[in-house]
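# An overview of the molecular structure
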Amino acid sequence: MTRLSVRNLNVDLGGHSIVRDVSLDFAPGGVIGLIGPNGAGKSTFLKAILGLVPSRGDIAYNGKPLPEIDRRALAHLTSYLPQDREIAWPLSVENVVALGRTPHLSALAGLGPEDQAEIESAIALTDIAHLRNRIVSTLSGGERARVLMARVLAQATPILIADEPVAALDPGHQIALLETLDALSSAGRTIIVSLHEIPLAARWCRRLILLDKGSVAADGKPEDVLTHEHFAKVYGVRIHRTVTEDGLLVQPVARLPTKK
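Notes on the structure follow. (Residues numbered from 1 in each chain as written. Predicted model: local features only at pLDDT ≥ 70, side-chain atom pairs only at ≥ 80, totals over all residues. Heavy atoms only, no water.)

### Considering the overall build of the protein
Helix and strand counts for the protein stand at 9 helices and 12 strands. The C-alpha radius of gyration computed for the protein amounts to 19 Å, which stays within 12% of the reference 18 Å derived for 260 residues, consistent with globular compactness. On the principal axes, the C-alpha backbone points of the protein span a range of 65 × 40 × 35 Å. Counting over 260 residues, the protein shows a buried share of 50%. Here the analysis covers contacts within the protein between residues at least 6 apart in sequence; of these, 62% occur between residues at least 24 apart. Roughly 12,500 Å² of accessible area belongs to the protein as shown, and the carbon and sulfur atoms make up 53% of that amount. Of the charged side chains in the protein, 28 are positive and 28 negative, and the gap between their average positions amounts to 6 Å. (Helix = DSSP H or I, 4+ residues; strand = E, 2+ residues; numbered from the N terminus. Rg over C-alpha atoms; globule rule 2.2 N^0.38 Å. Buried < 20%, exposed > 50% of the residue type's maximum accessible area, 1.4 Å probe, protein only. Contact = heavy atoms within 4.5 Å. Areas by Shrake-Rupley, 256 points an atom, 1.4 Å probe, with all protein chains shown as cover. Lys, Arg positive; Asp, Glu negative; His and termini not counted. Charge placed at Lys NZ, Arg CZ, Asp CG, Glu CD.)

Pasting the structure below:
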């Protein structure tokens, strides 16, 4: 079981404190959702735990400090879907998905049966088989998002980190992707995703971490994090919250009056 431990993480960018003294542990056991308003530090936090931005504090994978893990070894441990969905290369969908297998290949080796199997599985899970021969730059934003998610799935790492993975997807594909991530987590992978879609976070995440101004405002089960008090304080909105036969339903409904 691959574990990620973060202690006293701080990130300063452009002279501003973006992440402030965050300490968290991550392990399999359900999709872990990172929520919070724009500018709360979600994307920066995800980049920091991957060593993509300078930070202070301790980040360790299975007890080994991040600075002691080389990039290739880290690519065997973690896969990452950034917010940016732009693809400049004139590559086919299948070739983009195949890039996910790069960390597993030796310098001169081609794709083997295991690589092909992971590629086909990722293509099926993201419903892009009919697009496999299309050039990625000709696709819609939602289709591109699914292709890039397939690349991440093909990497088949113990830890999967995705920044707003359901953005630009239609409702059916949003639910399908979260079903896939939930199944991967149940199979032993650690899944960390940032989300703005609160109803989906309530339905599909077993743990939610609410960030506000770079700090952890709440951490726990959705029913304990998605409260009227937290939304009033952090988002400045009123929510409708109820329990249905499908589980907790939380929907922001109105802004609260601004305090003078």
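### Re the sheet that holds strand 5 (residues 64-65)
Strand order in the open sheet formed by 4 strands is 2-1-4-5, with antiparallel pairing between adjacent strands. Edge positions in the open sheet fall to strand 2 (16-26) and strand 5, since each of these has one partner strand only. When strand 1 (residues 4-13) meets strand 2, the two strands line up antiparallel, connected through 7 bridges. From the neighbouring strand, valine 6 faces strand 2, where its bridge partner is leucine 24. (Pairing = 2+ DSSP bridges.)

### Describing the sheet that holds strand 3 (residues 31-35)
Sheet architecture is open: 6 strands sit in the order 6-7-8-3-9-10, paired in mixed fashion. Every other strand in the sheet has two partners, leaving strand 6 (78-81) and strand 10 (215-220) as the edge strands with one partner each. With direction set aside, neighbouring strand axes in the sheet form an average angle of 15 degrees. Judged from the 5 bridges that link them, strand 3 and strand 9 (residues 205-212) form a sheet pairing that is parallel. Considered in strand 9, the bridge of isoleucine 35 is made with leucine 210. Contacts from helix 5 (residues 141-155) reach strand 6 and strand 7 (159-163) within the one sheet, and its direction differs from that of strand 6 by about 175 degrees. In the packing of helix 6 (residues 171-186) onto the sheet, the strands contacted are strand 3, strand 7, strand 8 (190-194) and strand 9, and the crossing angle to strand 8 comes to about 150 degrees. (Axes fitted to C-alpha atoms, helices over the stretch in contact; angles between N-to-C directions.)

### As for the pattern of salt bridges
Counted under the stated rule, the structure contains 9 salt bridges. Its salt-bridge partner being arginine 206, residue aspartate 182 comes within 3.4 Å of it at the nearest N-O pair. Remark: arginine 206 occurs in strand 9 and aspartate 182 occurs in helix 6; sequence separation between them is 24 residues. Taking the relative accessible area as the measure of exposure, aspartate 182 reaches 17% and is therefore buried. Owing to a relative accessible area of 43%, arginine 206 belongs among the partly exposed residues under this scheme. With a shortest N-O distance of 2.9 Å, aspartate 219 and arginine 207 are connected by a salt bridge. (Salt bridge = Lys/Arg side-chain N within 4 Å of Asp/Glu carboxyl O.)

### Some words on the packing of helix 4 (residues 113-125) against helix 5
Closest axis-to-axis distance for the helix 4/helix 5 pair is 8 Å, and the angle between their directions is 140 degrees. By the angle between their axes, helix 4 is oblique relative to helix 5. When you trace helix 4 past helix 5, the crossing you get is right-handed. Two secondary-structure elements touch here, helix 4 through Glu118, Ile119, Ala122 and Leu125 and helix 5 through Ala150, Leu153 and Ala154. Class assignment of the residues belonging to the contact of helix 4 with helix 5 gives a composition of 6 nonpolar, no polar and 1 charged. (Parallel < 35°, antiparallel > 145°, perpendicular 65-115°, else oblique. Left-handed = near helix turned anticlockwise from the far one by under 90°. Nonpolar A, V, L, I, M, F, W, Y, C, P; charged D, E, K, R; others polar.)

### Focus on the packing of helix 5 against helix 6
It is the contact of helix 5 with helix 6, at a shortest axis distance of 13 Å, that shows an interaxial angle of 5 degrees. The pairing of helix 5 with helix 6 is recorded here as roughly parallel in orientation. Listed contacts from helix 6 to Arg146, Met149 and Leu153 of helix 5 are His173, Leu177, Thr180, Leu181 and Leu184. Classifying every residue of the contact of helix 5 with helix 6 gives 5 nonpolar, 2 polar and 1 charged.

Interpretation note: all reported values are geometric properties and have no functional meaning in isolation.
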